[in-house]
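# Residue-level structural notes
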Amino acid sequence: MRKIYLILVLSIFALLGGCAAPKPYDYSAFNERMPRAIVVLPPINDSLDVKATYGVYATTTKPLAEAGYYVLPVTLVDEAFRLNGLQTPNDIHALSPKKIKEVFGADAGLYLTVKEYGTKYYVVGSASVVTVEAKLIDLESGAQIWDGSASASSEEGKNNQGGLAALLIGALLNQIVGTVVDQSSNVARLTNTRLLSAETPNGILWGARSPNFGKQK
Amino acid sequence: MKKILALLAFLALQGCATQTTLYEWGNYESAVYKHFNNESPEEQIQILEKDLTAAGKSGKPLPPGFYAHLALLYGKVGQPGKMNEMLALEASAFPEAVPFLKNLRSGFKATN
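In this numbering scheme, every chain counts its residues from 1 along its sequence in written order. By the order in which they are written, chains take letters starting at A while ligands take numbers starting at 1. Under the rules for a predicted model, residues below a pLDDT of 70 receive no local features and side-chain atom pairs below 80 are neither given nor counted, while totals for whole chains, interfaces and linings still include all residues. Computation of side-chain values covers all heavy atoms of the structure but excludes hydrogens and water.

Let's shift gears to the overall build of chain B. We count a stretch as a helix when DSSP gives it H or I for four or more residues in a row; a strand needs E for two or more, and each element gets its number in order from the N terminus. The secondary structure content of chain B amounts to six helices and zero strands. Helices and strands in chain B line up, N terminus first, as α-α-α-α-α-α. Buried means the residue's accessible area, taken with a 1.4 Å probe over protein chains only, is under 20% of the maximum for its type, while exposed means over 50%, and partly exposed covers the values in between. Each of the 112 residues in chain B was classed as buried or not, and the buried ones make up 38%. We call two residues contacting when some pair of their heavy atoms lies within 4.5 Å. Of the contacts made within chain B by residues no fewer than 6 positions apart, 62% connect residues no fewer than 24 positions apart.

This is the structure:
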């Protein structure tokens, strides 16, 4: 009986360990400049897939809004840059933070870089992997108030059971599904949820529109 | 013993559970994705208008950018009246949007 209790206690620690923050992040600048409105700029694409910028950009709003921030409407922000002759994310990221604040009226700008996007093929399978790095910049001062990175894969949580034959069939199915729909955009949504939620360890703080505002890390 | 186990497992999982959402997201994310992939605005307008009608029932507000995106779509199909109506809804739901929407008026017109 004692042994069982010991195992129980240990397993609870292991479960809680999964939720714990790896190491504390310095939130002093974030707290000091606490933004209300965030403008997400079209992400720079360092991956080989041309779909990366908009595949990632499309699902950035939800985690930030649910964390309690007003997120400037991404499709109109994108349109506004185009109307002003700025076509590439690199050109946009090079603008002065003051200028971006002037146009969008946002307190902070989210600068994203897509490091990986797309399907990788292996001998017996394929995986869509999306990795994104983020910097949150206070647009008034130009200072960085938070940074982070996250990754997700379409193969997470899948286990290979049933021997080689099942493995080969699975690989075939995965590739067909992976090419018919843009599987990477779904993976990008998971990456964004990890990267931009206030619930993530070392993630952004809760914003003013959330009931959790002030419950900081 | 089993009861204790179940309770402990439940409590441990609760700690990681996500809270309910602040907003009624409907088809907003997929509409944004489709817009970026140059799909027809007419179809997205229909889908988002349905979300708009349904939103009242859920008791949750529509998310940041929902009305603004719908405004953009109405602009694309040459309906400036509906476009302005949606921009006004975004501004009243989210006052943080007002400076940007004012700036848009100078450089942003309904086009076919």
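With respect to the secondary-structure elements, Leu52(B) resides in helix 3 (residues 41-58). Leave out the neighbours within four places in its chain, and Leu52(B) touches Leu62(B), Phe66(B), Tyr67(B), Leu70(B) and Met86(B).

Buried residues dominate helix 4 (residues 66-76) of chain B, accounting for ten of its eleven residues. Burial in helix 4 of chain B covers these residues: Phe66(B), Tyr67(B), Ala68(B), His69(B), Leu70(B), Ala71(B), Leu72(B), Leu73(B), Tyr74(B) and Gly75(B). On its buried face, helix 4 of chain B sits against helix 5 (74-83) of chain A together with helix 2 (28-36), helix 3 and helix 5 (80-93) of chain B. Downstream of helix 4 of chain B by one or two residues, Gly78(B) has phi in the positive range, about 70°.

With that settled, consider the packing of aromatic side chains. Under the pairing criterion, centres of Phe, Tyr and Trp rings, with the six-membered ring standing for Trp, must be within 6.5 Å; the plane angle then separates stacked pairs below 30 degrees from edge-to-face pairs above 60, leaving the rest tilted. Enumeration over the complete set of coordinates arrives at 13 aromatic pairs over all chains. Ring geometry for Tyr28(B) and Phe66(B): centres 6.1 Å apart, planes at 45°, overall tilted. Here Phe66(B) lies in helix 4 and Tyr28(B) lies in helix 2, a separation of 38 residues in the sequence. Here the two residues Tyr28(B) and Phe66(B) agree in accessibility, since each one is buried. Grouped by ring-pair contacts, the aromatic residues Tyr70(A), Tyr23(B), Trp25(B), Tyr28(B), Phe66(B), Tyr67(B) and Phe94(B) constitute a single cluster.

For the rest of this paragraph, the subject is the pairing of strand 5 (residues 125-138) of chain A. Residue and element names in this part refer to chain A. Of all 14 residues that make up strand 5, twelve are buried, and the element is covered over most of its length. Any two strands are treated as partners once DSSP identifies two or more bridges connecting them. Examined bridge by bridge, strand 4 (residues 108-122) and strand 5 share 14 bridges and lie antiparallel to one another. Across the sheet, Val114 pairs through a bridge with Val132, a residue of strand 5. Following strand 4, the chain reverses through two residues before pairing antiparallel with strand 5. In this sheet, strand 6 (residues 144-153) lies alongside strand 5 in antiparallel orientation, the contact comprising nine bridges. When the bridges of strand 6 are listed, Ala134 appears paired with Gly148. If you look at the hairpin formed by strand 5 and strand 6, you'll find five residues sitting between the two strands, and Gly142 has a positive phi there, around 80°.

In this section: the packing of helix 4 of chain B against helix 5 of chain B. Residues and elements named next belong to chain B. Helix axes are fitted only over the stretch in contact, all axes being lines through C-alpha atoms; the angle between N-to-C directions runs from 0 to 180 degrees. The contact between helix 4 and helix 5 brings their axes to 8 Å, and the two run at 165°. Overall, the two elements helix 4 and helix 5 adopt an arrangement that is roughly antiparallel. Considering only the axes of helix 4 and helix 5, their crossing is left-handed. In this structure, helix 4 contributes Phe66, Tyr67, Ala68, Leu70, Ala71, Tyr74 and Gly75 to the contact, and helix 5 contributes Lys82, Met83, Met86, Leu87, Leu89, Glu90 and Ala93. The residue inventory of the contact of helix 4 with helix 5, partitioned by class, reads eleven nonpolar, one polar and two charged. Comment on the angle field: the value is read as roughly parallel under 35 degrees, roughly antiparallel over 145, roughly perpendicular from 65 to 115, and oblique elsewhere. By definition, any crossing whose near helix is turned counterclockwise from its far helix by less than a right angle is left-handed, and any crossing with a clockwise turn is right-handed. Side-chain classes are defined by residue name, with Ala, Val, Leu, Ile, Met, Phe, Trp, Tyr, Cys and Pro counting as nonpolar, Asp, Glu, Lys and Arg as charged, and the others, Gly among them, as polar.

Glancing now at the environment of Leu110(A). Residues and elements named next belong to chain A. Along the chain, Leu110 turns up in strand 4. The class for Leu110 is buried, based on a relative accessible area of 1%. It is 6.4 Å that separates the C-alpha atoms of Leu110 and Ile137, two residues lying 27 residues apart in sequence. When residues no more than four places from it in sequence are discounted, the contact partners of Leu110 are Ile38, Val39, Val40, Leu41, Leu64, Ala134, Lys135, Leu136, Trp146 and Leu196.

Residues and elements named next belong to chain A. A cavity, in this analysis, means grid points on a 1 Å lattice covering only the protein atoms where a 1.4 Å probe fits yet has no way out; a pocket is instead an open set bounded by protein on both sides within 12 Å along at least five of seven lines, and a residue lines either one if it has an atom within 4 Å of a point. Grid points are joined across faces, edges and corners, and a volume is the space filled by probe spheres set on the points. Counted according to the given criterion, the structure contains one cavity of 30 Å³ or more. In this structure, the largest cavity encloses a volume near 30 Å³. Residue lining of the largest cavity: Pro42, Tyr54, Asp78, Phe81, Arg82, Leu86, Gln87, Thr88, Pro89 and Ile92, and that is the complete set. If you list the elements that add at least two residues to the lining of the largest cavity, you get helix 5 and helix 6 (89-93). Looking at side-chain class alone, the lining of the largest cavity contains six nonpolar, two polar and two charged residues.

A few words now on the nonpolar core. Here, nonpolar core refers to any group of buried Ala, Val, Leu, Ile, Met, Phe, Trp, Tyr and Cys residues whose side-chain atoms link them within 4.5 Å. By size, the foremost hydrophobic cluster in this structure holds 81 residues, and its most contacted members are Phe30(A), Leu110(A) and Trp146(A). If one sorts the elements of this core by residue count, helix 4 of chain B sits on top with eight residues.

The working definition used for a salt bridge is a side-chain nitrogen of Lys or Arg within 4 Å of a carboxyl oxygen of Asp or Glu. Under the counting rule described, the total for this entry stands at 14 salt bridges over all chains. A salt bridge links Asp78(A) to Arg82(A); the shortest N-O distance between them is 3.0 Å. A residue pair is termed a helical-turn pair when its members lie 3 or 4 positions apart in one helix, as Asp78(A) and Arg82(A) do in helix 5 at four residues. When its relative accessible area of 5% is taken as the criterion, Asp78(A) is described as buried. Notably, a salt bridge pairs Glu79(A) with Lys76(B), separated by 2.9 Å at the nearest N-O pair. Highlighted residues: Glu79(A) in helix 5 and Lys76(B) in helix 4, drawn from two different chains. Taking the relative accessible area as the measure of exposure, Glu79(A) reaches 13% and is therefore buried. When salt bridges with common partners are traced through the structure, they connect Arg36(A), Arg209(A) and Glu96(B) into a single cluster.

Read these as geometric descriptors, not functional statements.
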